[in-house]
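Structural overview for review
Okay, here's what each chain looks like letter by letter:
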Amino acid sequence: MKKTQPIGIFDSGIGGLTVAKAISALLPNETLMYFGDTIHMPYGERSAEQILFYAVNITEFLIQKGAKIIVIACNSASSVAYQFLKKKYEGQIDVIGVISPVVDYITAHDFKKVGIIGTKATIASKNYETLLHQQKPAQKVCSMATPLLAPMIEEGYFNNSISQTIINSYLSNWRFKNVDAMVLACTHYPLIKKEILRFYHKHVEVIDTTEIVAQAVKSSLANQKLMMPSKKGKDHFYVSRYTDSFEKTTKIFYGKLVVIEEVPFEKIF
Ligand code: DGL
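Residues numbered from 1 in each chain as written. Predicted model: local features only at pLDDT ≥ 70, side-chain atom pairs only at ≥ 80, totals over all residues. Heavy atoms only, no water.

**Overview of the packing of helix α4 (residues 99–107) against helix α10 (residues 209–223)**
The interhelical angle for the contact between α4 and α10, taken along N-to-C directions, is 105°, at an axis separation of 9 Å. Classified by the angle between their axes, α4 and α10 sit roughly perpendicular to one another. Of the residues in α10, those in contact with P101, V102 and Y105 of α4 are T209, I212 and A216. In terms of residue class, the contact of α4 with α10 is built from five nonpolar, one polar and no charged. (Axes fitted to C-alpha atoms, helices over the stretch in contact; angles between N-to-C directions. Helix = DSSP H or I, 4+ residues; strand = E, 2+ residues; numbered from the N terminus. Parallel < 35°, antiparallel > 145°, perpendicular 65-115°, else oblique. Contact = heavy atoms within 4.5 Å. Nonpolar A, V, L, I, M, F, W, Y, C, P; charged D, E, K, R; others polar.)

Written out as structure tokens, the structure is:
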């Protein structure tokens, strides 16, 4: 493995660009190679078997393209594929999911009751709860699927009265009474962090997973002595189905427009 190799990142679509953005901010010298499985999105509505199949094939694609580390920049995919991929590639390439670093963060803090919002696939997997209770059995935790939020954000509905009404309605659910931390367990949700903070009048810590995951990537590269000392490579953004609107939406998630390339289906699946 060489330092000059890119960081391989994947998601069901473009939501994982929020993770890519955090990685690029923390590790500006690294080259990113991003894959958005836009033909199969949303993963949040798919079965665990389907998501696992996509995740394995995309990981193989990224490894063949020279990735030095794999980042599963999707909560739905991390929920069902992280443990499998971590084991499969043990000793070959490190795999970072979005859930374990966040669980480590929560266990290192003293939260009384933690709320989790995410897609149906993420919440149904109960992965956050299972990992949290393995590390801290007494930790109070409650979770709820909020499936309207990702499509709402993708359609550009955030920071407006409609999005605030939907967010308020979800967060008012009885389950979330007295939470002192709320995990944004979906890669789209950093875009509505302000509205969630507004709902809680800033009394609740809203845990944005992207920066925590970027830190985990940095630690892994540092431990393996794989960090780049200066920027040399060109970033690549691949999708399994190209549309103009995806390219336009990248600005919302990544902070700037990126050129996306379509990869022929048979090269991956
Ligand atoms: N990226 C997905 C996640 O973090 C949300 C979008 C989807 O359902 O595909 O769970």
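**Observations concerning the packing of α4 against helix α6 (residues 127–135)**
Packing of α4 against α6 leaves a shortest axis separation of 10 Å and a crossing angle of 45°. Considering their axes alone, α4 and α6 lie oblique with respect to each other. By crossing handedness, the relation of α4 to α6 is classed as right-handed. Of the residues in α6, those in contact with I99, S100, V102, V103, D104, I106 and T107 of α4 are N127, Y128, L131, L132 and Q135. Taken together, the residues that form the contact of α4 with α6 break down as seven nonpolar, four polar and one charged. (Left-handed = near helix turned anticlockwise from the far one by under 90°.)

**Comments concerning the side chain of K113**
Residue position: K113 is located in strand β5 (residues 113–118). The buried charged residue K113 lacks any salt bridge, with D180 as its nearest oppositely charged partner at 9.1 Å. Reaching out from K113, the side chain makes a polar contact with the backbone oxygen of R175 at a distance of 2.9 Å. For K113, the contacting residues outside a window of four places in its chain are Q139, K140, C142, R175, F176, K177, N178, V179, D180 and A181. (Buried < 20%, exposed > 50% of the residue type's maximum accessible area, 1.4 Å probe, protein only. Lys, Arg positive; Asp, Glu negative; His and termini not counted. Salt bridge = Lys/Arg side-chain N within 4 Å of Asp/Glu carboxyl O. Polar contact = N/O pair within 3.5 Å; in protein donor to acceptor, adjacent residues only side chain to side chain.)

**A closer look at the site of the ligand**
In the neighbourhood of the ligand, the contacting residues comprise D11, S12, P42, Y43, G44, C74, N75, S76, T119, C186, T187 and H188. Between D11 and the ligand, the recorded distance is 2.8 Å, taken from a side-chain N or O atom to a nitrogen atom. The protein chains hide 97% of the 300 Å² of surface that the ligand would expose on its own. Looking at side-chain class alone, the shell around the ligand contains four nonpolar, seven polar and one charged residues. (Near = heavy atom within 4 Å. Areas by Shrake-Rupley, 256 points an atom, 1.4 Å probe, with all protein chains shown as cover.)

**Comments concerning the sheet that holds strand β1 (residues 7–11)**
In spatial order, the strands read β4-β3-β1-β2-β9-β10; together these six strands make up an open sheet with parallel pairing. Sheet topology places β4 (94–96) and β10 (260–262) at the edges, where each strand pairs with a single neighbour. Adjacent strand axes in the sheet meet at a mean angle of 25°, parallel and antiparallel pairs treated alike. Relative to β4, strand β3 (residues 69–72) runs parallel, the two sharing three bridges. Pairing of I70 across the sheet is with V95, part of β4. (Pairing = 2+ DSSP bridges.)

**Structural notes on the pattern of salt bridges**
Throughout the structure, instances matching the rule amount to four salt bridges. Between K86 and D94 there is a salt bridge; the shortest N-O distance is 2.7 Å. Among the residues examined, D94 registers a relative accessible area of 18% and is labelled buried. D235 is the salt-bridge partner of K231, the closest N and O atoms lying 3.0 Å from each other. Assessed through its relative accessible area of 24%, D235 is described here as partly exposed.

**Thoughts on the environment of K120**
Relative to the helices and strands, K120 is located in helix α5 (residues 120–125). With 26 residues separating them along the chain, K120 and T146 place their C-alpha atoms 7.3 Å apart. Setting aside residues no more than four positions away along its own chain, K120 makes contact with G44, E45, A145 and P147. Looking at K120, its side chain comes within polar contact range of the side chain of E45, at 3.3 Å.

**Re the environment of S240**
Here S240 is to be found in the loop between β9 (236–239) and α11 (244–254). Remark: the alpha-carbon pair of S240 and K87, spanning 153 residues in sequence, is separated by 26 Å. At 3.1 Å, the side chain of S240 and the backbone nitrogen of T38 are in polar contact.

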